[in-house]
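Below, each chain spelled out in residue letters.
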Amino acid sequence: MFLNKTTNSTEDCFLKILLLFLIVFTFNSVQAQEIHSVSLSEALKLAKENNKKILRSQLETTLSEQNIKERKELRLPEIELNGEYSRITNITEFKGSGFLNGKEVTKAIPEIYQVNSTVIMPIYAGNKINNAIKIANQESEIAKIKTEKTENDIELEVVANYLAIYKMMELQKIFEENIKEEKSRLKEVQSLQKHGTLTKNEVIRAELQLSDRELNALTNSKNIKIALHDLKTLIQLPENEEIAIDTTANLDEMQGLDPYDFYLSKATQNEEMRIASQELDIKKTELKLVKGNYLPTVNFFGNYGFYYPNYKFFPPNPYLYTLGQIGIEAHFDISALYKNKTKMQQATTKIEWQQMQSEIIKDEIQDKLYKEHTQYQEILEKFVVVDKALDLANENYRIVKLKYLNQLVLITEMVDADNALLQAKYNKVSTRLDAVLKHYELLHTAGMMPQI
């Protein structure tokens, strides 16, 4: 009897310890899945700081700046230091009339060594070095503009993703409210069916409507999770950190709609147009670079060395000697007079191509800007319409519901009124969020994205 009590006491103690361990483990697990609630402005800031595409574009800018330094180093002198050591055989001459006849050997100094240095510094190279540096500077400017464009593209992607989540979360709220109402209606229908005032078909129709709403809510909730994961990747939050968006923050950042010409004047200086302009400048500089092939190159040079033995005389003297040289050398490629013509034609054609490309980009931006300006204006005009539609849907739902409860209409009309109300609620939320997104798209095309 005493043994049984001791055993039971031990088991109770073990169960308590196990329960405590499970509670601590669960608490730690919940803590590990920390929920990070972000506003739109915070999401944009995190993306600008952490997004890998932006960081990669910044590295490309750094590389372009290093390329400028490399091109400038072409102006510096080239200095070489050479050393040589070798052993040679005696000099054997054949002075006879026959093959290998009249052999005469002259004793040579068996060791040869020399140390010398050479300096070459460009004085004039047909302005090629200056033009190469100029191209590097223009490429660096393009890299900076591309970094700016990447940042703006990622910001727009974050805005679109954020607002899509916002829209789905608002839709989820509508679904959940509707599901509660559908469940309440189903109970009413089942009660009326038990009293014989409604048919089985009415109950089935109500059950189908509820099932449809639950399926829609389930699909929408999964889509929210996917979109949240995409947003987390964009702003580079840790994988073990859960994310949620702050739906209480004010998203109404619209400052009204300015005339189309205002946005057009800004769009002519957006990132794409500035890149196209820089590309055209590069093509013009490349033409100057090709023209440099017609011009001579002039270099300053000098060399100085120690040599042993002195083979300036024969037989050689067994003495160490030094010899230096300094001067200017000129080089002119005569073949460039006829070989460079095709390169000149290619460079000129590239300029014409880039000019045409710039015009194409300009036309595309104008079309896109006009489309977005018109669409934004349309969305703003929808505000009054969707607000009125929601009021009408609410009133229609109230009337139909009253008739349904008095059994004056079938459940089909009740379902139609319910669907119309749900659609009207969603349209109001969707239109507001669409306006915010379209506003950002318009600013993005015009090169006016707000700085964070």
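What counts as what
Along each chain, residue indices are assigned from 1 in the same order as the chain's sequence is written. Side-chain atom pairs in this predicted model are given and counted only at pLDDT of 80 or more, local residue features only at pLDDT of at least 70, and totals for whole chains, interfaces and linings cover all residues. Calculated side-chain values reflect all of the structure's heavy atoms, with hydrogen atoms and water omitted. Here a pair means two rings of Phe, Tyr or Trp (six-membered ring of Trp) with centres within 6.5 Å. Their orientation is stacked below 30 degrees between planes, edge-to-face above 60, and tilted elsewhere. To qualify as a helix, a DSSP run of H or I must reach at least 4 residues; to qualify as a strand, a run of E must reach at least 2; elements of each kind are numbered from the N terminus. Between buried and exposed lies partly exposed: a residue is buried under 20% and exposed over 50% of the maximum accessible area for its type, with that area taken using a 1.4 Å probe on protein chains only. A fitted line through C-alpha atoms serves as each axis, taken over the contacting stretch for helices, and the angle formed by two N-to-C directions is quoted from 0 to 180°. Angle categories: roughly parallel below 35 degrees, roughly antiparallel above 145, roughly perpendicular from 65 to 115, and oblique for all the rest. In this analysis, two residues are considered to be in contact whenever any of their non-hydrogen atoms come within 4.5 Å of each other. All residues other than Ala, Val, Leu, Ile, Met, Phe, Trp, Tyr, Cys, Pro, Asp, Glu, Lys and Arg, Gly among them, are scored as polar; the first ten of these are nonpolar and the last four charged. The rule for a salt bridge is simple: a side-chain nitrogen of Lys or Arg has to be within 4 Å of a carboxyl oxygen of Asp or Glu.

(A) Main features of the packing of aromatic side chains. Across all of its chains, the model carries 5 aromatic pairs by this definition. Between Y113 and Y308, the ring centres sit 5.0 Å apart and the planes meet at 25°, which makes this aromatic pair stacked. With Y113 in strand β5 (residues 111-124) and Y308 in strand β7 (residues 297-308), the pair connects residues that are 195 residues apart, well separated along the chain. Residue class for Y308 comes out buried when judged on its relative accessible area of 18%.

(B) Seen up close, the packing of helix α2 (residues 40-50) against helix α3 (residues 52-72). Between α2 and α3, the least distance of the axes is 6 Å, while the angle of their chain directions is 45°. Considering their axes alone, α2 and α3 lie oblique with respect to each other. Counted together, A47, K48, E49 and N50 of α2 and K52, I54 and L55 of α3 form the full contact between these two elements. Here the contact of α2 with α3 is built from residues that sort into 3 nonpolar, 1 polar and 3 charged.

(C) Representation of the pattern of salt bridges. Per the counting criterion, the structure on display carries 18 salt bridges. Between E182 and R185 there is a salt bridge whose closest N-O contact spans 2.9 Å. One end of the pair, E182, and the other, R185, are both in helix α4 (residues 128-194), 3 residues apart, so they sit about a helical turn from each other. With relative accessibility at 2%, the residue E182 sits in the buried group. On the basis of relative accessible area, R185 is assigned to the buried category, the value being 7%. Ionic pairing is found between D387 and K428, a salt bridge with its closest N-O pair at 3.8 Å. Of this pair, D387 sits in helix α8 (residues 336-405) while K428 sits in helix α9 (residues 411-445); the two residues are 41 residues apart in sequence, bridging distant segments of the chain. Several salt bridges share partner residues, and in doing so they unite E181, E182, R185 and K401 into one network.

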